[in-house]
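Overview (structure and organization)
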Amino acid sequence: MSFWKKLFGSGKREPDIDPLTDLVLEKLEPGYLVDYDGRTYEVAARHHHDTGDGFRTDEWELRADDGVIHFLNRVEAEGVYWTLTRRIPIGMIDDRLKGYIQEHGDPPESVSHEGIDYFMQSYGGAKFYRNGRGPAQPFLYWDYEDAARERVLTIEQWGDIEFHAYVGNYVEEYQFGTILPGKRP
């Protein structure tokens, strides 16, 4: 790169960002920064899931400086719902859970994790679009809530033997602070 381009830039103008309409949770893009609960996270990726019956979940992978990864999910179904989860080993729920699902085809109606009981609320199949693009990856999911409807737990099955689990909370948009655009990866 020439000295002049370094000093004055390439001459290409970045598109203007309207902080009132563009810097909102549902428009987060990779490279953006967002504050939550006293920590700043960088948006590492934006994915989505499609159930094929009109329901879509937008998912943002958020990374903190210390390597902690959370998943912010937005679902629109009779309102907009947000969850913030982290991935846990499925064995942390129950070390026999994977075998139970393989034997019965579904997990039990209720599960416990760290002393909290969760009850199944929904289940089904979906297609995952990494970075919002195909090819789609099919998976099964089971969504759980605690009795107070504050905490969430999700179990996913990818193929015959791969399982993921996520635990977290329902969150509200107002709980997220400053959103700053960043360089796209």
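Structural data are supplied above this passage.
Below you will find a few notes about this structure. Quick caveat, the model's predicted, so the values are computed rather than measured. (Residues numbered from 1 in each chain as written. Predicted model: local features only at pLDDT ≥ 70, side-chain atom pairs only at ≥ 80, totals over all residues. Heavy atoms only, no water.)

**Overview of the overall build of the protein**
When you go through the protein residue by residue, the secondary structure sums to two helices and eleven strands. N-terminal to C-terminal, the α/β element order of the protein is α-β-β-β-β-β-α-β-β-β-β-β-β. Relative to its full complement of 185 residues, the protein shows a buried share of 35%. In the protein, the share of contacts with a sequence separation of at least 24, taken over all contacts with a separation of at least 6, comes to 43%. When the accessible surface of the protein is summed, it comes to about 11,700 Å², and 49% of that surface belongs to carbon and sulfur atoms. (Helix = DSSP H or I, 4+ residues; strand = E, 2+ residues; numbered from the N terminus. Buried < 20%, exposed > 50% of the residue type's maximum accessible area, 1.4 Å probe, protein only. Contact = heavy atoms within 4.5 Å. Areas by Shrake-Rupley, 256 points an atom, 1.4 Å probe, with all protein chains shown as cover.)

**Overview of the pattern of salt bridges**
Under the criterion given, the structure shown has nine salt bridges. Across the salt bridge formed by Glu 29 and Arg 46, the nearest N and O atoms sit 3.2 Å from each other. Of this pair, Glu 29 sits in the loop between helix H1 (3–8) and strand E1 (33–36) while Arg 46 sits in strand E2 (residues 39–50); the two residues are 17 residues apart in sequence, bridging distant segments of the chain. A salt bridge links Arg 96 to Asp 94, with the nearest nitrogen and oxygen atoms 3.3 Å apart. Here the residues in one salt-bridge network are Glu 26, Arg 74 and Glu 76, joined through shared partners. (Salt bridge = Lys/Arg side-chain N within 4 Å of Asp/Glu carboxyl O.)

**What about unusual backbone geometry?**
The peptide bond linking Gly 134 to Pro 135 adopts the cis configuration, its omega dihedral lying at 5°. Topologically, Pro 135 is positioned in the loop between strand E7 (116–129) and strand E8 (137–146). A positive phi angle, near 55°, is found at Asp 37, a position not held by glycine. By the element assignment, Asp 37 lies in the loop between E1 and E2.

**A look at the packing of aromatic side chains**
A full pass over the atoms with the stated rule returns six aromatic pairs. Geometrically, the ring pair formed by Phe 139 and Tyr 141 is tilted, given 6.4 Å between the ring centres and 55° between the ring planes. Residue Tyr 141 is classed as buried on the basis of its relative accessible area, which comes to 16%. Each member of the aromatic cluster is reached from another via a ring pair, and the members are Phe 128, Phe 139, Tyr 141 and Trp 158. (Phe/Tyr/Trp six-rings, centres within 6.5 Å; stacked < 30°, edge-to-face > 60°.)

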